[in-house]
Amino acid sequence: AQRVTQPEKLLSVFKGAPVELKCNYSYSGSPELFWYVQYSRQRLQLLLRHISRESIKGFTADLNKGETSFHLKKPFAQEEDSAMYYCALSARNTGNQFYFGTGTSLTVIP
Amino acid sequence: GAGVSQSPRYKVAKRGQDVALRCDPISGHVSLFWYQQALGQGPEFLTYFQNEAQLDKSGLPSDRFFAERPEGSVSTLKIQRTQQEDSAVYLCASSFGRGQGFEAFFGQGTRLTVV
């Protein structure tokens, strides 16, 4: 069965410090992995996806199939990064729905 | 509008009451998803439409939950005889493509509180 695990519910870092939000998944096929972000009082929105291999707002995430991980990283956290972050998996053999982790609430301390 | 629109934003229902939640997806989006998000949890899949066809309803928690998208655009999620455990935020998302990996655009959600 597909599962996405985000082990940290809460994460606090100081402004300018590096940040890493952990995500592990279980899926036997070839998943598509995503990070979604929800800023205060805003809707859930896509931050980045692994197939794009892009950096958005300074964030990057590398899919590690050996470790089944898709950790989100940023070298220097900014106050505006404070938000709820959800890792998600899309699986072809289950109708392309997204499976979400329980989310990590990131607080960047000024 | 440019984004996915959901209405109402908030709904308070008495236990046993029926409710209907509406989703207006982005125009032209083929795929439409409904998710349920309980407090402190990530969104949980309920059902998926491709145009008007409901291809997956495996996430609907009981036969009190029913969703439709009769013309392949607007969708309605109906909950009959609401129970307290139905209290959650109900999210609708749409995406352009049929395949895996298309970005899903989310609505603001409807917060349902059953009292």
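Residues numbered from 1 in each chain as written. Chains lettered and ligands numbered in written order. Predicted model: local features only at pLDDT ≥ 70, side-chain atom pairs only at ≥ 80, totals over all residues. Heavy atoms only, no water.

A. Structural detail: the overall build of chain B. Counting its secondary structure elements, chain B contains zero helices and eleven strands. Secondary structure elements in chain B, listed N-terminal to C-terminal, are β-β-β-β-β-β-β-β-β-β-β. Computed over C-alpha atoms, the radius of gyration of chain B comes to 13 Å, within 12% of the 13 Å expected from 2.2 N^0.38 for 115 residues, which places it in the range of a compact globule. C-alpha extents for chain B along the principal axes are approximately 40 × 25 × 25 Å. Out of the 115 residues in chain B, the part that is buried amounts to 48%. In chain B, the share of contacts with a sequence separation of at least 24, taken over all contacts with a separation of at least 6, comes to 52%. (Helix = DSSP H or I, 4+ residues; strand = E, 2+ residues; numbered from the N terminus. Rg over C-alpha atoms; globule rule 2.2 N^0.38 Å. Buried < 20%, exposed > 50% of the residue type's maximum accessible area, 1.4 Å probe, protein only. Contact = heavy atoms within 4.5 Å.)

B. Spotlight on the nonpolar core. The biggest cluster of nonpolar side chains holds 27 residues, and the ones touching the most others in it are A:Trp35, A:Leu72 and A:Tyr85. Listed by contribution, the elements that provide at least two residues to this core are strand S2 (10-14), strand S3 (19-21), strand S5 (32-38), strand S6 (45-49), strand S9 (83-90) and strand S11 (104-109) of chain A. Broken down by element, the residue count for this core peaks at four residues, all from S9(A). Core analysis: the second largest hydrophobic core is formed by 20 residues, B:Leu60, B:Leu77, B:Ile79 and B:Tyr90 among them. (Core = buried A, V, L, I, M, F, W, Y, C linked by side-chain atoms within 4.5 Å.)

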